[in-house]
Amino acid sequence: MVGVLGGGQLGSMFAVAARRLGYRVAVWDQDADVPALKIADLPVAAPFADPTALNRFAGSVSAVTYEWENIPVALGEALEQRLAVRPASRILRILQNRVEQKQFLASHNIPVATFRPIAAPSDLRAAAESIGFPCLCKTATHGYDGKGQWRLAGAQDLASVQEQLGKQAHSPWVLEQFLAFDKELSVLVVRGADGDKRVYPTVENVHEAGILRTSRAPAEIDPRLAQRAGDLAASVVAALEGVGVFCVELFLMPDGGLFVNEVAPRPHNSGHYTLDACTVSQFEQQVRAVCGLPLGEVRLLCPAVMVNLIGEDLTKVSAGEGLANLFRQPGAKLHLYGKKSVRPGRKMGHVTFLAEKPAQAWESAETLRRVLRCP
Ligand code: AMP
């Protein structure tokens, strides 16, 4: 039996891939109402600090992975005493904290935006003056989907951001240079315990209010640039000596320069296209990497565009003939995550549009993007 910590949509997709390869699956989540617990062979709904749950889970599985980088490092370490945790808890420790992550990347000569750690709100002014404006302040831990971020256009914003930092539950923060990028890219890298690696095609992402809205595979960029992005992402995962699936998010600058924004030690929303458009999906690769199987081929079978269904999008898509039209549309693949309640910003599902040519996939996605009023 293979185990996954976290039972949201990523944990569910992992469980489905593991089952298809003949594994039984244990899922551990703190919330009893998450989708993956319903399809698990061994569902564990308990706090991550619960020692009884730890014994039950660790005693049943032979390897563990996770769907979320914010699981407690202490839990990863406790599991590591008894079995393989992939990626390792030392990687969680580096990636959970934006300051440590950026320091790690910079120390391995990976380009990142100029940054300064902010230990207390009073550090903000000196840090901003040394980086220059515009700049962006982010919580060092627990930030996701653009939450916990403050943009400072100029010195006039210092006082209000400083005041807001003082009210936050999570500290410290990191202040980074605001990069006026041309495009946001991401690359999935899979690395096995023997150092073997696979790099998926470079993907182009569009965010809306900090949340991923659309991913297109392959990215509409020069193939040499796409290769450079793939090489950079692979060098990040090699530096981490990570085993598992990693997503490296990048900014492409107008001069062709690339900066790493963020690294996730798990399958990623921008890699959902691999479920329908690649020979082996990111979730199957996660199973292979965690179970020590040979890694799979990462070939893109056809161009794909993925559109996320966020919050009330599902209601908009379901109105009138919306869903029926989606089912009728050639090359459209609907994935719904089975979440009971709709909340603003919550990822409820996604649709991947497949076509022979990139422009056709984009055009096909446009119909849905218009219904959802995507920018
Ligand atoms: P993050 O939570 O770090 O992934 O940031 C969420 C989104 O904010 C990114 O996808 C970008 O669109 C934007 N963003 C993050 N960092 C920067 C930066 N240094 N400069 C410009 N935009 C950024």
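Details of the structure are given in the entry above.
In this text the structure is predicted, and so the values were computed from the model without any measurement.

Thresholds applied
In this numbering scheme, every chain counts its residues from 1 along its sequence in written order. Where local features are concerned, this predicted model is filtered to residues with pLDDT of at least 70; where side-chain atom pairs are given and counted, the filter is 80 or more; whole-chain, interface and lining totals use all residues. Side-chain metrics rest on all non-hydrogen atoms present in the structure, leaving aside hydrogens and water. Two aromatic rings, drawn from Phe, Tyr or Trp (for Trp, its six-membered ring), form a pair once their centres lie within 6.5 Å of each other, and the interplanar angle then sorts them: stacked below 30 degrees, edge-to-face above 60, tilted otherwise. Secondary structure follows DSSP: runs of H or I at least 4 residues long count as helices, runs of E at least 2 residues long count as strands, and numbering of each begins at the N terminus. When accessible area is computed with a 1.4 Å probe and restricted to protein chains, residues below 20% of their type maximum are described as buried, those above 50% as exposed, and intermediate ones as partly exposed. Whenever a helix is involved, its axis is fitted only over the stretch in contact; in every case the axis is a line through C-alpha atoms, and angles between N-to-C directions fall within 0 to 180 degrees. What sets the label is the angle itself: under 35 degrees gives roughly parallel, over 145 gives roughly antiparallel, 65 to 115 gives roughly perpendicular, and the rest give oblique. A crossing counts as left-handed when the near helix is turned anticlockwise from the far one by less than a right angle, and as right-handed when that turn is clockwise. Any two residues whose heavy atoms approach within 4.5 Å are treated as being in contact. For this classification, Asp, Glu, Lys and Arg are treated as charged, while Ala, Val, Leu, Ile, Met, Phe, Trp, Tyr, Cys and Pro are nonpolar and the rest, including Gly, are polar. In this scheme, strands are said to pair when DSSP sees at least two bridges between them. Any carboxyl oxygen of Asp or Glu that lies within 4 Å of a side-chain nitrogen of Lys or Arg is treated as forming a salt bridge with it. Nearness is defined per residue: one heavy atom within 4 Å of the molecule or strand is enough. Polar contact is defined as a pair of N or O atoms within 3.5 Å, subject to the rule that within protein one atom must be able to donate a hydrogen and the other to accept it, and that residues adjacent in sequence are counted only when both atoms are side-chain atoms. In this document the domain limits rely on a domain assignment from an automatic tool or a database.

## Re the packing of aromatic side chains
In step 1: Per the counting criterion, the structure on display carries three aromatic pairs.
In step 2: With 5.3 Å between their ring centres and 55 degrees between their planes, W28 and F57 make a pair best called tilted. Of this pair, W28 sits in strand β2 (residues 25-29) while F57 is found in helix α3 (residues 51-58), placing the two residues 29 residues apart along the sequence.
In step 3: On the basis of relative accessible area, F57 is assigned to the buried category, the value being 0%.
In step 4: Centroid distance F181 to F251: 4.7 Å. Interplanar angle 5 degrees. Geometry classified as stacked. Taken together, the residues span a long stretch of sequence, with F181 in the loop between β9 (173-177) and β10 (183-191) and F251 in strand β14 (residues 244-252) at a distance of 70 residues.
In step 5: For F181, a relative accessible area of 32% translates into the label partly exposed.
In step 6: Residue class for F251 comes out buried when judged on its relative accessible area of 10%.
In step 7: Ring pairs connect the aromatic residues W28, F48 and F57, which therefore count as one cluster.

## Some details on the packing of helix α7 (residues 124-131) against helix α8 (residues 158-166)
In step 1: Across the interface, α7 lies against α8 with an axial gap of 10 Å and an inter-helix angle of 130 degrees. Taken as axis vectors, α7 and α8 run oblique relative to one another. Relative to α8, α7 is oriented so that their crossing is right-handed. Seen from α7, the contacting residues are L124, R125 and A128; seen from α8, they are L158, V161, Q162 and L165.
In step 2: Along the lines of polarity and charge, the residues of the contact of α7 with α8 split into five nonpolar, one polar and one charged.

## A closer look at the sheet that holds strand β5 (residues 84-85)
One key point about sheets: their strands pair by backbone hydrogen bonds, in either a parallel or an antiparallel sense.
In step 1: One open sheet holds the five strands; their spatial order is β3-β2-β1-β4-β5, and the pairing between them is parallel. Of all strands in the sheet, those with a lone pairing partner are β3 (42-45) and β5, marking the two edges.
In step 2: Relative to β2, strand β1 (residues 2-5) is paired through four bridges, and the arrangement is parallel. Residue L5 lies in a different strand from β2, and its bridge partner there is W28.

## Considering the pattern of salt bridges
In step 1: Evaluation of the coordinates by the stated rule reveals 24 salt bridges.
In step 2: A salt bridge links E262 to R98, with the shortest nitrogen-to-oxygen separation between them at 2.9 Å. One end of the pair, E262, is in strand β15 (residues 258-264); the other, R98, is in helix α6 (residues 98-107), with 164 residues separating them in the sequence.
In step 3: Residue class for R98 comes out buried when judged on its relative accessible area of 10%.
In step 4: Note that K167 is salt-bridged to E163, the shortest N-O span being 3.5 Å.

## Side note on the site of the ligand
In step 1: Around the ligand, the surrounding shell holds 15 residues, and the nearest of these are K138, Q149, E176, L179 and E184.
In step 2: Contact between the ligand and R98: an oxygen atom at 3.0 Å from a side-chain N or O atom of the residue.
In step 3: Between the ligand and N261, the relevant distance is 3.2 Å, taken from an oxygen atom to a side-chain nitrogen or oxygen of the residue.
In step 4: Tallied by class, the residues present in the shell around the ligand amount to five nonpolar, five polar and five charged.
In step 5: Among the domains, domain 2 (114-177) and domain 3 (183-372) are the pair contributing at least three residues each to the shell around the ligand.

## So, the sheet that holds strand β8 (residues 149-152)
In step 1: Strand order in the open sheet made by the four strands is β6-β9-β7-β8, with antiparallel pairing throughout. In this open sheet, the two edge strands, each paired with only one partner strand, are β6 (115-118) and β8. Recorded for the sheet is a direction-independent mean angle of 20 degrees between the axes of neighbouring strands.
In step 2: Pairing geometry for strand β7 (residues 135-139) and β8, over four bridges, is antiparallel. Paired with L136 across the bridge in β8 is R151.
In step 3: Where α6 meets the sheet, it contacts β6, β7 and β9, and its direction lies at approximately 145 degrees from that of β6.

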